[in-house]
Amino acid sequence: MIDLEGRTPIIGLIRECALHFSLYKPHAREQARILLTVPVHREGRKTRTWILEPGEIAALAQRLAEEG
């Protein structure tokens, strides 16, 4: 996971990145991005992407929190 303020990136599983995201302050959440190792398809886009945006990370973190 990277942020746009130049802090050291977190290298780990997507689950770890989502858990760290849930600990961030609101300003840091707006700046966070997850760089994927494999591109994924997004609805409404013609090409696959390599980055998860903050809204997508938040949804993933919420889903992980609900699963326990």
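Higher on the page you've got the structure.
Description of the structure in this document. Nothing here was measured: the structure is a model prediction, and the numbers come from that model. (Residues numbered from 1 in each chain as written. Predicted model: local features only at pLDDT ≥ 70, side-chain atom pairs only at ≥ 80, totals over all residues. Heavy atoms only, no water.)

1. A few points about the pairing of strand E2 (residues 32–40)
As judged from the two bridges shared by strand E1 (residues 2–3) and E2, these two strands associate in the antiparallel manner. Looking across to E2, one finds that Asp-3 is bridged to Ala-32. Judged from the three bridges that link them, E2 and strand E3 (residues 49–52) form a sheet pairing that is antiparallel. Within the sheet, the bridge partner assigned to Ile-34 lies in E3 and is Leu-52. (Pairing = 2+ DSSP bridges. Helix = DSSP H or I, 4+ residues; strand = E, 2+ residues; numbered from the N terminus.)

2. Side note on the nonpolar core
The biggest cluster of nonpolar side chains holds twelve residues, and these are Met-1, Cys-17, Ala-18, Phe-21, Ala-32, Ile-34, Leu-36, Leu-52, Ile-57, Leu-60, Ala-61 and Leu-64. Of all the secondary-structure elements, those providing two or more residues to this core are helix H1 (14–23), E2 and helix H3 (54–67). A total of four residues in this core trace back to one element, the largest contributor, which is H3. Other than its neighbours up to four places away in sequence, Ile-57 contacts Ala-18, Phe-21, Ala-32, Arg-33, Ile-34 and Leu-52. (Core = buried A, V, L, I, M, F, W, Y, C linked by side-chain atoms within 4.5 Å. Buried < 20%, exposed > 50% of the residue type's maximum accessible area, 1.4 Å probe, protein only. Contact = heavy atoms within 4.5 Å.)

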